[in-house]
Each structure stands twice: as C-alpha cells, then as structure tokens.
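Commentary on secondary and tertiary structure
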Amino acid sequence: STNTISNDPSGSYGINKSFIFDGVDDKIATTFNPLTSIGNNNSFTINCWVYNQNVTAGSGGKQRILGSYDGGSRFWLGARSGRVRVGYGNSNWALTNNSATYVNNIWQHVAATFDYSASLITAYFNGVAEDTLNYTGTTNVSNVNIRIGGVENDNVPWIGNISSIGIYNKALSASEVLQNYNALKNRFRT
C-alpha cells in the first residue's frame, strides 16, 4: 500500500530500520483496508517488531501499534498495561494470561493470529505462543484504512519504534510465527 506520514514520526535507518512514534500525534496512514484486503469472517495474522519506551503510558494504559476503527468494527493490535490487546469485529479482546509482556526499551517480536474457523486468537512474543483466547461475537472487520502508530478515532498512540509489519490473510501456524521471529531476531535482538 502507499503511505502518508502525519506529524513527522522520525526514522531509524540503521540496522533496525524502523519508525519512531512520539506517543502524541505521529501516525502513518496506509491504503490497506482490512475489509477489502481480508474481508469479514476470515482468518488473518498481524506480525511486527516493536520497541516500546513506556509500556504503561497512554490513556488507561492503552497504546495501538496499528489498526483501524470505523466507529463500529475494529481491526487493531496494541497494548494495555503492558499486555497484548487486540480488536476485531465489534469487540475488543484482551489477552491477559500471557506470562510475557511488552518490556520497556527492548525489541520484541509480537504477533496475533486470528483463526476464524476455531474462533481462536493466539498472542506470540518472540516466536512463542503466550496466550490464547476463544472469542465470540460478530467478526466484521473495519472498513477504514489502517494507521501505523495509532488508530483514527481512538487517541491511544504508540510510544516507541515499529518495524517489519506483516499482515497475512490466514492464521499463521506456530512454526510459521517462529520462522518469522528467527528470520529477523539477529537484526533486533543482538
């Protein structure tokens, strides 16, 4: 997709090649629309590397890595009080049983898989499944283009770096998530 940068997130162009978000108003608008690219009632995965500067900051301890919200349906990945939080359909789901959490000032690989046929969300940190959640409710994804570093109509921006985002139109297997982690771990976790 093509991207439009808002309020000048800075770039880190060294080995980690990431965008740095100030947690105030920095965002990248994309032309990736979840409804047209993935569709309703389908499986998908969000996968990225993040470096958070303050995992408990934000309104109610919430921050968004990326996503969209059209006033009814959601499609996003983020954090709440240092734990993975996702939004899909007309509900938000917190994955709060995971033993691993976002950590300040360290690169972490995070992925969330949405297996529609199993009604299952799985959160991964650094290639390891840390929490699962059976979800219920409607599964219509947002019809608003994705923002990186925050979500329109939802003022809970990310504070720190985001890199190597991948959105897949299937639920990756545990071995595929681990493969993604291993492919870049030497770049981020040295």
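Provided above is the structure to which this section pertains.
Since we're looking at a predicted model, the values are computed, not measured.

1. Quick notes on the nonpolar core
Ile-65, Leu-77, Val-84, Val-86, Tyr-102 and Val-110 are the most contacted members of the largest nonpolar core, which totals 31 residues. Those elements giving two or more residues to this core turn out to be β5 (44–52), β6 (62–69), β7 (74–80), β8 (83–89), β10 (107–115) and β11 (120–125). Counting residues per element, this core draws most heavily on β5, which supplies four residues. Residues contacting Leu-77, with those up to four places away along its chain left out, are Ile-46, Cys-48, Arg-64, Ile-65, Leu-66, Val-84, Arg-85, Val-86, Val-110 and Ala-112.

2. A few points about the environment of Asn-40
Positionally, Asn-40 belongs in the loop between α1 (34–37) and β5. For the pair Asn-40 and Thr-139, spaced 99 residues apart in sequence, the C-alpha separation works out to 6.2 Å. Residues contacting Asn-40, with those up to four places away along its chain left out, are Leu-35, Thr-139, Asn-140 and Val-141. Reaching out from Asn-40, the side chain makes a polar contact with the side chain of Asn-140 at a distance of 3.3 Å.

3. Observations concerning the environment of Ser-73
Tracing the backbone shows Ser-73 in the loop between β6 and β7. Residue classification places Ser-73 among the buried residues on the basis of a relative accessible area of 9%. Put simply, Ser-73 and Val-144 are 71 residues apart on the chain and 9.2 Å apart in space, counted from C-alpha to C-alpha. Among the polar contacts listed, one links the side chain of Ser-73 to the backbone oxygen of Asn-140, at a separation of 3.2 Å.

4. So, the side chain of Thr-113
Mapped onto the elements of the fold, Thr-113 is located in strand β10. With near-sequence residues (within four places) excluded, Thr-113 lies in contact with Phe-44, Thr-45, Leu-120, Ile-121, Thr-122, Tyr-124, Ala-171, Leu-172 and Val-177.

5. Here we look at the packing of aromatic side chains
One pass over the full model with this rule turns up 11 aromatic pairs. Between Tyr-88 and Phe-114, the ring centres sit 5.3 Å apart and the planes meet at 70°, which makes this aromatic pair edge-to-face. On the criterion of sequence distance, the pair formed by Tyr-88 in strand β8 and Phe-114 in strand β10 is long-range, its members being 26 residues apart. Exposure remark for Tyr-88: the relative accessible area of 0% places this residue in the buried category. Look at Phe-114 and you get buried, because its relative accessible area is 0%. Taken together, the ring pairs in this structure connect Phe-44, Phe-75, Tyr-88, Phe-114 and Tyr-135 into an aromatic cluster. Between the NZ or CZ atom of Arg-64 and the centre of the ring of Trp-76, over which it lies, the distance is 3.5 Å.

Reading the values: the criteria
Residues numbered from 1 in each chain as written. Predicted model: local features only at pLDDT ≥ 70, side-chain atom pairs only at ≥ 80, totals over all residues. Heavy atoms only, no water. Core = buried A, V, L, I, M, F, W, Y, C linked by side-chain atoms within 4.5 Å. Buried < 20%, exposed > 50% of the residue type's maximum accessible area, 1.4 Å probe, protein only. Helix = DSSP H or I, 4+ residues; strand = E, 2+ residues; numbered from the N terminus. Contact = heavy atoms within 4.5 Å. Polar contact = N/O pair within 3.5 Å; in protein donor to acceptor, adjacent residues only side chain to side chain. Phe/Tyr/Trp six-rings, centres within 6.5 Å; stacked < 30°, edge-to-face > 60°. Lys NZ or Arg CZ within 6 Å of the ring centre and 35° of its normal.

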